[in-house]
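Architecture at a glance
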Amino acid sequence: MDPLKQKFQEKSEALKIEIKSFLKEHGNQKVDEVTLKQVFGGMRGVKSMVWETSQLDPIDGIRFRGQSIPELRELLPKAEGGKEPLPEGLFWLMLVGELPTEAETKWLCDQWKNRSAVPDHTFKVLDALPKDCHPMTQLCIAVTSMQTDSIFSRRYSEGMNKNEYWDATYEDSMNLIARLPRISAYIYRRTYHNGDHIAPDFTLDWGANFAHMLGIKGEDFKSFMRLYLTIHADHEGGNASAHATHLVGSTLSDAYHSFTGGMHALAGPLHGLANQEVIKWIFKMLDSLGTRSPSKAQIAEYVNGTLANGQVIPGYGHAVLRQPDPRFIAQKRFSEEYIPDGEIIKVVWNCFEVIPEILKGLGKVKNPWPNVDAHSGAILVHYGLKEYSYYTVLFGVSRALGVLSSLCWSRALGFPLERPKSVTYSMIKKIVEEDISVKSQ
Ligand code: HAX
């Protein structure tokens, strides 16, 4: 058995036993109460799922196995000569809860190289799609087409013992993550570069090889991709892409189907598609104002116009966070170091000074601060990756690390089919009326 799988087996078996006896003793303990507002309001904050790989605090932001993003930038192994963390290290940390050594990170990097061959039919399926098919649609179709290789599905049909589900899920997850840069770069090159594909360079790590296959040159872009793929990986379990992956996986759909479910959720403009919407909105603003360096007053006027049109300001607001997103701040720090004079980046920074006050003034926006998607587009444009319809695919490649490591945990801990209760409005009214009548007696 490989060393990561062995560690995962030891840790997950121990936790499964612990949870079993914990539930036996405390199974009826209440951990939450649900209000009507939450039932009608997208289940905000309802504690209803276990997710081991990361935890989101409204003020401090995301912590991966207890480590903040600035801590991870220090602690995770780096590529030789590089300053940014390797996403391979984060996957190891999320899966087994330990920071990997350099040797362990190198081992994982080699594993993903060895597992990265994409079936021929996936390229054919992609080539059959029109070039103007949205890259997220292409990603979902490509991942689904690789389901033919699912080890979980094959072993399940052969009568796999339920104690082995985690093993088959681990194998599928590792294979899928290994292949994602290749299919994603293929989508980019066929859509925007006339199918002029670039072969993988197996001397490079996972993130740098992705940067190479995209065809964007330079060490700084490789560094940015390593950082980008690290910070977008996980945001606890309740966000739409994580929850969708978890829900689909709970039916014992394999990792390919489950991850595709998550990617369909990520493709929505209130979630991952916001990264394309942000840069689209910025360029529309610059075009309409006729300048590449608008004043703060000009930005404010444009923001008010967007709001008056009944649209949201993309890249601002969050369902959980109540502070500037540490993932936004990490990208700002990167830009301050690597791209201090970037033209569009300065627009992003000026927006950061202008937009929160305007959103606060509306009196209804719970979080007026920028989220992860407010910054990435400007950095990508700077490095020459200007085709913003592609941006959510980058997010998706990173998100695979979090949702698939969590899927392994769900199968290892034996989590059941997810099946919350829905109610009709008349049922709710009845509950409220009965409560009023009991209290009035
Ligand atoms: N611009 C304008 N209005 C906003 C807003 C924004 N950026 N953010 C929230 N609001 C509005 C909401 O639309 C809502 O208005 P109504 O009552 O009229 O419907 C009101 O403020 C209260 O919303 P909220 O409770 O503060 O926010 P929600 O938890 O309902 O929604 C969203 C969170 C992220 C969906 C929201 O802030 C938004 O639409 N932001 C813009 C899109 C975006 O950037 N999405 C990416 C989020 C991060 C992410 O998942 N990345 O992948």
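Provided above is the structure to which this section pertains.
Attention here is on the structure that accompanies the text. Quick caveat: nothing in here was measured; it's all calculated off a predicted structure.

**Some points on the packing of helix α16 (residues 326–338) against helix α17 (residues 343–362)**
At a minimum axis separation of 11 Å, α16 and α17 run at an interaxial angle of 135°. With respect to their mutual orientation, α16 and α17 come out oblique. Crossing hand, α16 versus α17: left-handed. Residues Phe328, Lys332, Ser335 and Glu336 of α16 lie in contact with α17, whose contacting residues are Ile345, Val348, Trp349 and Phe352. Among the residues making up the contact of α16 with α17, the classes are represented as five nonpolar, one polar and two charged.

**Focus: the pairing of strand β1 (residues 54–57)**
Because side chains alternate across β1, one face comprises the buried residues Ser54 and Leu56, and the other comprises Gln55 and Asp57, none of which is buried. Sheet analysis places β1 next to strand β2 (residues 61–64), joined by four bridges and oriented antiparallel. Residue Asp57 lies in a different strand from β2, and its bridge partner there is Gly61. Counting the residues in the hairpin turn of β1 and β2 gives three residues.

**Describing the site of the ligand**
Around the ligand lies a shell of 22 residues, among which Gly315, Tyr316, Lys364, Lys366 and Asp373 are the nearest. Surface burial for the ligand is 76%, taken as the share of its 910 Å² of free accessible area covered by protein chains. Class assignment of the residues belonging to the shell around the ligand gives a composition of twelve nonpolar, six polar and four charged.

**Section: the state of the cysteines**
Taken as a whole and assessed by the stated rule, the structure comprises zero disulfides. Counting only cysteine sulfurs, Cys408 is the nearest neighbor of Cys109, a cysteine outside any disulfide, at a range of 19 Å. By relative accessible area, Cys109 is classed as buried at 10%.

**Focus: empty space enclosed by the protein**
Per the stated rule, a full pass over the model turns up four cavities of 30 Å³ or more. Looking at the largest cavity, its volume works out to about 60 Å³. The wall of the largest cavity is formed by Val278, Trp281, Ile282, Pro314, Tyr316, Val348, Cys351, Ile355 and Ala374. If you list the elements that add at least two residues to the lining of the largest cavity, you get α14 (274–289) and α17. Classifying every residue of the lining of the largest cavity gives nine nonpolar, no polar and no charged. Here the second largest cavity is characterised by a volume of approximately 40 Å³. Looking at the second largest cavity, the residues that line it are Arg182, Ala185, Tyr186, Arg189, His197, Ile198 and Met213. When residues of the lining of the second largest cavity are assigned to their parent elements, the largest contribution, four residues, is made by helix α9 (residues 165–192).

**As for the packing of aromatic side chains**
Under the counting rule described, the total for this entry stands at 21 aromatic pairs. Ring centres of Tyr188 and Tyr390 lie 4.9 Å apart, and the angle between their planes is 55°; on these two criteria the pair is classed as tilted. Taken together, the residues Tyr188 in helix α9 and Tyr390 in the loop between α18 (373–383) and α19 (391–412) connect sequence positions 202 residues apart. The two residues Tyr188 and Tyr390 agree in class, both being buried. By the ring-pair criterion, three or more aromatic residues cluster together here, those being Phe221, Phe224, Tyr228, Phe334, Tyr338 and Tyr383. The ring of Trp349 has Lys332 lying over it, and the distance from NZ or CZ to the ring centre is 5.3 Å.

What counts and what doesn't
Residues numbered from 1 in each chain as written. Predicted model: local features only at pLDDT ≥ 70, side-chain atom pairs only at ≥ 80, totals over all residues. Heavy atoms only, no water. Axes fitted to C-alpha atoms, helices over the stretch in contact; angles between N-to-C directions. Helix = DSSP H or I, 4+ residues; strand = E, 2+ residues; numbered from the N terminus. Parallel < 35°, antiparallel > 145°, perpendicular 65-115°, else oblique. Left-handed = near helix turned anticlockwise from the far one by under 90°. Contact = heavy atoms within 4.5 Å. Nonpolar A, V, L, I, M, F, W, Y, C, P; charged D, E, K, R; others polar. Buried < 20%, exposed > 50% of the residue type's maximum accessible area, 1.4 Å probe, protein only. Pairing = 2+ DSSP bridges. Near = heavy atom within 4 Å. Areas by Shrake-Rupley, 256 points an atom, 1.4 Å probe, with all protein chains shown as cover. Disulfide = S-S within 2.5 Å. 1 Å grid on protein atoms, 1.4 Å probe; cavity = no way out; pocket = protein on both sides within 12 Å on 5 of 7 lines; lining within 4 Å. Points joined across faces, edges and corners; volume = space filled by probe spheres on them. Phe/Tyr/Trp six-rings, centres within 6.5 Å; stacked < 30°, edge-to-face > 60°. Lys NZ or Arg CZ within 6 Å of the ring centre and 35° of its normal.

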